[in-house]
Amino acid sequence: MALANFTPAPEFLLLGLVDGTDTHPLLFLLFLGVFLLNALGNLTMVVVVRSDGALRSPMYYFLGHLSLVDVCFTTVTVPRLLAGLLHPGQAVSFQECFAQMYFFVALGITESYLLAAMSYDRAVAVCRPLHYRVVMTPWRCTALVAASWTVAHLHSLLHTLLISALSYPCPAPVRHFFCDMTVMLSLATSDTAAAETAIFSEGLAVVLTPLLLVSLSYARILVAVLGVRSAGGRRRAFSTCGAHLVVVSLFFDSVLSVYFRPSSAYSARYDRLASVVYAVLTPTLNPFIYSLRNKEVKGALKRGLRWRAVSQEL
């Protein structure tokens, strides 16, 4: 009787970035190039920050963690995206699907809180330069990073448990290139009211908190910069902050537009395009916007290349 009543876990079919059964080799090459660029830029930042003694300030400590998160973030989804461009209709098991969801949500939330920590660090550096070392102590930096990881994983665990407890058809076609929360809610055949309530309330608080911190930090920076008498100094500050704000805005705007709306407003085409922005584009831009434009990072890269050249000669 136990075997007769056993219901197998549903299997999901990832339909990919583009509808249809055609292969897309040009898109495959494009996203493969972006993925490799992401890995090169972010792993370079991780190695440089860890190995160069000149990059020991809190800003680079946060950048190292952000780069590590960005590599993992794209690795969770892009390989499946690439496979779907060549072989549409990839089958994934129930366990694989929700494991992917868990790590995707956890890493995405970790990134948002690291962005908030970095904006707070810059606000302290600009607005309270004489107290910077007192405020941004190693203990506080470690606590901010640890809190980012902890909050993100608890948040992801709650959402994954709620959504995985719903019922799904077997097999279930997923019009996306990964198992995303909004897609899974739209596929569920059981009542999603409780899950949606929890996601909208707890999720909105978790996502809006770092967004609010980023906004307050850059508002303080803006006020401080407007008080600078040197026109050149204001231009440099606005150039740096403007580039940072573009990336932050891309990330948070696309996240909010996808996740914080009722499932009845679900649009597969829009969600896939928005997901490419925050899951692929933003993590690829981060090392270039935040780091590789920085003179100290460029100096560290040059020192590393010189050391490698000398070691090869020896």
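- You'll find the protein entered in an unreviewed UniProt entry as Olfactory receptor 1L4-like, with Enhydra lutris kenyoni given as the organism.
- Its UniProt record gives the protein a comment under Subcellular location (unreviewed entry), which states: "Cell membrane".

### Quick notes on the packing of aromatic side chains
Here's step 1: Inspection of the entire model under this criterion finds 12 aromatic pairs.
Here's step 2: Ring plane angle 75° and centroid distance 6.1 Å describe the contact between F12 and F98, whose orientation is recorded as edge-to-face. With a gap of 86 residues between them, F12 in strand β1 (residues 12-14) and F98 in helix α4 (residues 94-127) connect regions that are remote in the sequence.
Here's step 3: Cluster of aromatic residues (ring-pair linked, three or more members): F73, F104, F177, F178 and Y278.

### Focus on the state of the cysteines
Here's step 1: Taken as a whole, this structure holds one disulfide when the rule is applied.
Here's step 2: With its sulfur 2.0 Å from that of its partner, C97 forms a disulfide with C179. Linking C97 and C179, the disulfide has an S-S dihedral of approximately -125° and is accordingly described as left-handed. With C97 in helix α4 and C179 in the loop between β3 (172-174) and α7 (181-187), this residue pair connects regions lying 82 residues apart in the sequence. No difference in accessibility class separates C97 from C179, as the two residues are buried.

Definitions and limits used
- Residues numbered from 1 in each chain as written.
- Predicted model: local features only at pLDDT ≥ 70, side-chain atom pairs only at ≥ 80, totals over all residues.
- Heavy atoms only, no water.
- UniProt positions renumbered as here; feature names shortened; annotations may be inferred.
- Phe/Tyr/Trp six-rings, centres within 6.5 Å; stacked < 30°, edge-to-face > 60°.
- Helix = DSSP H or I, 4+ residues; strand = E, 2+ residues; numbered from the N terminus.
- Disulfide = S-S within 2.5 Å.
- Buried < 20%, exposed > 50% of the residue type's maximum accessible area, 1.4 Å probe, protein only.

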